[in-house]
Protein chains: 2
Amino acid sequence: MKRAYNFNAGPSALPLEVLLKAQEELVNFQDTGMSVMELSHRSKDYEAVHNEAQSLLKQLLQIPDNYEVLFIQGGASLQFSMIPMNFLAEGQIGNYVLTGAWSEKAIKEAKILGRATSIAASAKETNYDRIPKLSELNVAPEDGYLHITSNNTIFGTQWKEFPTVKDNMLIADMSSDILSKPLPINNFAMIYAGAQKNLGPSGITVVIIRKDLLERSHDQVPSVLRYDTFSKNNSLYNTPPTFAIYMLRNVLQWVTDQGGVEAIAKLNEDKAALIYNAIDESNGFYKGHAQNDSRSLMNITFNLSSDELSKKFLQEAKDAGFVGLNGHRSVGGCRASTYNAVPFEACEALRNFMIKFQKANA
Amino acid sequence: MKRAYNFNAGPSALPLEVLLKAQEELVNFQDTGMSVMELSHRSKDYEAVHNEAQSLLKQLLQIPDNYEVLFIQGGASLQFSMIPMNFLAEGQIGNYVLTGAWSEKAIKEAKILGRATSIAASAKETNYDRIPKLSELNVAPEDGYLHITSNNTIFGTQWKEFPTVKDNMLIADMSSDILSKPLPINNFAMIYAGAQKNLGPSGITVVIIRKDLLERSHDQVPSVLRYDTFSKNNSLYNTPPTFAIYMLRNVLQWVTDQGGVEAIAKLNEDKAALIYNAIDESNGFYKGHAQNDSRSLMNITFNLSSDELSKKFLQEAKDAGFVGLNGHRSVGGCRASTYNAVPFEACEALRNFMIKFQKANA
Ligand SMILES: Cc1ncc(COP(=O)(O)O)c(C=O)c1O
Ligand SMILES: Cc1ncc(COP(=O)(O)O)c(C=O)c1O
Ligand SMILES: [Mg+2]
Ligand SMILES: [Mg+2]
Ligand SMILES: [Mg+2]
Ligand SMILES: [Mg+2]
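Residues numbered from 1 in each chain as written. Chains lettered and ligands numbered in written order. Predicted model: local features only at pLDDT ≥ 70, side-chain atom pairs only at ≥ 80, totals over all residues. Heavy atoms only, no water.

For the rest of this paragraph, the subject is the site of ligand 1. Surveying the vicinity of ligand 1 reveals 15 residues, the closest of which are A:Ser77, A:Thr153, A:Asp173, A:Lys197 and B:Thr239. Within the side chain of A:Trp102, a nitrogen or oxygen atom sits 3.4 Å from an oxygen atom of ligand 1. A:Asp173 is positioned such that a nitrogen or oxygen atom in its side chain is 2.6 Å from a nitrogen atom of ligand 1. Protein contact buries 96% of the 400 Å² of open area that ligand 1 shows by itself. Ranked by residues supplied to the shell around ligand 1, first place goes to helix α3 (residues 75-87) of chain A with four residues. (Near = heavy atom within 4 Å. Polar contact = N/O pair within 3.5 Å; in protein donor to acceptor, adjacent residues only side chain to side chain. Areas by Shrake-Rupley, 256 points an atom, 1.4 Å probe, with all protein chains shown as cover. Helix = DSSP H or I, 4+ residues; strand = E, 2+ residues; numbered from the N terminus.)

Structure (structure tokens):
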């Protein structure tokens, strides 16, 4: 079997080792005579997997004891609503840094709920090609929180350092770069991420939350939309997506086996460098979308000189076995998502393909 | 490999054929060189699976064209909140039939949201051992809907016929008996079910909704908590739990291969009869919880004459390879969940074990 060169933006590539392990024990999990999917979520066998997923993540990101790891369904998109629902009391303002479509969606949900919002900074003017500088951010004492998107999956931009705000009420959507590098967890009140890029399959969202936040929810928030419900019940208030959490556990084990986030970060830099170099050394044949100091190591966005040429590039890349190189529907062009599980060899193959295509079409 | 006799209440047994198929193609889905989990949810390959799951369910339950099938995360528990959020306008009342813990939780969420509620009937007085008669139901023109739990998973009771209410505004939580028998879909405005009993693994909830309901949502309902968002985007507004939906598709294909819901219903009757007969012919050694005309064909609840004897029964059953026979934490005793995927042979084995245990302990 030949593995595809999978550059999907999410759901995306998973480590082959993780898939093979899941395959091996799919019908008979640890000699239980059952699939992990057939276990009760109240059984010891399942709970061990569930708890191990939490403790592996805590180890990998060195999460201090005053934080908890929660597993929630609904995707990162549900977090856009749960955050203002749980954290914005009367008179408090949800303050957002706009770096693309995801932060726009996040602030939109706060508005739908009738909450007050403000914009700390926006990069919209230049078609979201950069992350605002820390000195540009407008923050105020009335802010209930400052919300950022640590990596914009669509435009290919990524925060390199993080702001320090009052009470560290910084909340980050890290859906597309969590676990790609070490993190200063103490800067954050909450970090959340849909699993389907760096953590596992879709269907499970990981929330890292500082314990003092758990007391904030209003009485009118539905039980399964309150963070404290998940905390009080170890994310087992209702049936969790057990197989997705099992896969998450296995991916976290794999990252640990690779040497942890430092080792992964180094590899991610090398992988991204292959492709950014192909862009930078192309004499303008390939044009990166993001400004250099805002470039994402997870999503590499670029264009060719014309729409026709981009189309030709994407078609030939597809024929050559590359998957997922089309830019997001909303922006077009090309995008290579080089998440943790994308092998170095796949990035090398893409770099080589880009050089070959340029030679043939320059 | 020996398969366990899996009587879990959910997550529960899956058809062996479905697990074997998933195992076979786990690493390489239809020669894509990727796992189904690694496919983009916007890809043709994934969308075919997604759409097939919908159309198989429509065929199996003969769902008319004025209904849609939606896939939502969050479990049946999130539906407890989405229903009043989306459907109860000012002055409208959510009317609930209480048949156990799940309907209690459903009405509780309507109250948390500050909506008006009423109780159409309750079986609480007799420890939820029966389904109220249709003639007992208090319904009123002000009702936004009447909500029922078609099968109570914990107490082992099941509705045998359904009420006809104004505008057919009947909403049913069918988490634990959907697809176990044919259904008069036209009686219902909405049917919902967490997949983890009869439909697949946990992490996906199926909603069958009449199209006219899609226009009801208020403006202040968050995007991913509005049914119309799912409808307008074919349940692809945000990333769906793709693997869970793939498994759902495979389970629906399996039910079709078994001869559809009529054939499954006949088999379910035979399976349940084995165990109910063991209870009824035990001269009171085993005592069923549910009144005879309310007995569930999915969850068979019973007690032995003392807690000690129940305990001994459960321990010896466990040693003999039976899984999941403990009653729900909240009620104790014994429960055998005989969902669609539980083989006839497992029920036979349990019947035989019950008879043997009685002989040894009567
Ligand atoms: C940064 C970011 N936030 C949020 C989302 C939405 O996630 P979900 O589809 O799980 O709701 C995405 C999806 O790609 C994303 O990249
Ligand atoms: C009838 C019924 N409704 C609702 C639920 C809750 O489902 P979930 O855990 O998916 O939220 C269950 C779970 O067992 C159930 O049996
Ligand atoms: Mg998701
Ligand atoms: Mg953004
Ligand atoms: Mg669930
Ligand atoms: Mg109930």
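This next bit is on the UniProt feature "binding site: L-glutamate" (unreviewed entry) in chain A. Under the present numbering, the feature "binding site: L-glutamate" (unreviewed entry) in UniProt falls on A:Arg42. Judged by relative accessible area, A:Arg42 falls into the partly exposed class, the value being 31%. (UniProt positions renumbered as here; feature names shortened; annotations may be inferred. Buried < 20%, exposed > 50% of the residue type's maximum accessible area, 1.4 Å probe, protein only.)

Our next topic: the nonpolar core. Counting 121 residues, the largest nonpolar core has A:Leu61, A:Leu179, B:Leu61 and B:Leu179 as the members making the most contacts within it. With residues up to four places along the chain from it excluded, the contact list for B:Leu179 reads B:Leu57, B:Leu60, B:Leu61, B:Asn198, B:Leu199, B:Leu252, B:Val255, B:Val261, B:Ile264 and B:Asn340. Listed in part, the 71 residues of the second largest apolar core include A:Phe80, A:Ala110, A:Ile171 and B:Phe87. (Core = buried A, V, L, I, M, F, W, Y, C linked by side-chain atoms within 4.5 Å. Contact = heavy atoms within 4.5 Å.)

What follows concerns the coordination of the magnesium ion (ligand 6). Residues and elements named next belong to chain B. Ligation of the magnesium ion (ligand 6) by protein atoms is provided by Ser103 (OG) and Asn152 (ND2), these donors lying 2.7 to 2.8 Å from the ion. With Ser103 in helix α4 (residues 101-112) and Asn152 in strand β6 (residues 151-152), this residue pair connects regions lying 49 residues apart in the sequence. Residue classification places Ser103 among the buried positions, given a relative accessible area of 0%. For Asn152, a relative accessible area of 0% gives the class buried. (Donors = N, O, S within 2.8 Å, 3.2 Å for Na, K, Ca; no water.)

Turning to the site of ligand 2, a few remarks are in order. In the neighbourhood of ligand 2, 15 residues make up the surrounding shell, with A:Thr239, B:Ser77, B:Thr153, B:Asp173 and B:Lys197 lying closest. Those residues lying near ligand 2 are distributed over chains A and B. At a separation of 3.4 Å, an oxygen atom of ligand 2 approaches a polar side-chain atom of B:Trp102. Note that an oxygen atom of ligand 2 is positioned 2.7 Å from one of the side-chain N or O atoms of B:Lys197. Here ligand 2 has 390 Å² of accessible area as a free molecule, and 96% of this is covered by the chains. A per-element tally of the shell around ligand 2 places helix α3 (residues 75-87) of chain B first, with four residues. Here the residues of the shell around ligand 2 sort into three nonpolar, ten polar and two charged. (Nonpolar A, V, L, I, M, F, W, Y, C, P; charged D, E, K, R; others polar.)

With that out of the way, let us pick up the relation of the copies chain A and chain B. Each of the two chain copies goes to the other by way of a rotation about an axis and a shift along it. After a rotation of 180° and a shift along the axis of 0.0 Å, chain A superposes on chain B with an RMSD of 0.0 Å. On the angle and the small slide along the axis, the relation comes out as a two-fold axis. Most of the interface of chain A is mirrored in chain B, where 100% of its interface residues again form contacts. (Least-squares fit on C-alpha atoms with pLDDT ≥ 70 in both.)

The next thing to look at is the pairing of strand β2 (residues 67-72) of chain A. Where burial is concerned, most of β2(A) is hidden: six out of the six residues are buried. Burial of the side chains of β2(A) extends over both faces: A:Tyr67, A:Val69 and A:Phe71 are buried on one face and A:Glu68, A:Leu70 and A:Ile72 on the other.

Below, the discussion takes up the pattern of salt bridges. Any two side chains of opposite charge can pair, so long as their charged atoms come close to each other. According to the stated counting rule, one finds 20 salt bridges over all chains in the structure shown. Residue B:Arg295 pairs with B:Asp280 through a salt bridge whose shortest N-O separation is 2.8 Å. Of this pair, B:Arg295 sits in the loop between β11 (287-288) and β12 (299-303) while B:Asp280 sits in helix α7 (residues 260-280), and the two are 15 residues apart along the sequence. Exposure remark for B:Arg295: the relative accessible area of 11% places this residue in the buried category. A single network of salt bridges, built from pairs that share partners, joins A:Arg226, A:Asp228 and A:Lys232. (Salt bridge = Lys/Arg side-chain N within 4 Å of Asp/Glu carboxyl O.)

Right, let's get into the UniProt feature "domain: Aminotransferase class V" (unreviewed entry) in chain A. The sites that carry the UniProt feature "domain: Aminotransferase class V" (unreviewed entry) are, in the present numbering, residues 5-349 of chain A. Secondary structure within residues 5-349 of chain A divides into 33% helix and 17% strand; the distance between the first and last C-alpha atoms comes to 8 Å.

Residue and element names in this part refer to chain A. One can read the domain layout of chain A as domain 1 (16-257) and domain 2 (260-361). Using C-alpha coordinates to define each centre, domain 1 is positioned 27 Å away from domain 2. Facing the 28 residues of domain 1 at the interface are 25 residues of domain 2. Summed over both sides, the interface between domain 1 and domain 2 buries roughly 2100 Å², with carbon and sulfur atoms accounting for 54% of that surface. Counting across the domain 1 and domain 2 interface gives zero salt bridges. Listing elements by their share of the side of domain 1 that touches domain 2, those giving two or more residues are α2 (44-61), β6 (151-152), β7 (157-158) and α6 (242-257). The biggest single contributor to the side of domain 1 that touches domain 2 is α6, with three residues. Looking at the side of domain 1 that touches domain 2, its residues break down into ten nonpolar, eleven polar and seven charged. (Domains from an automatic or database assignment. Buried area = accessible area lost by both parts, 1.4 Å probe.)

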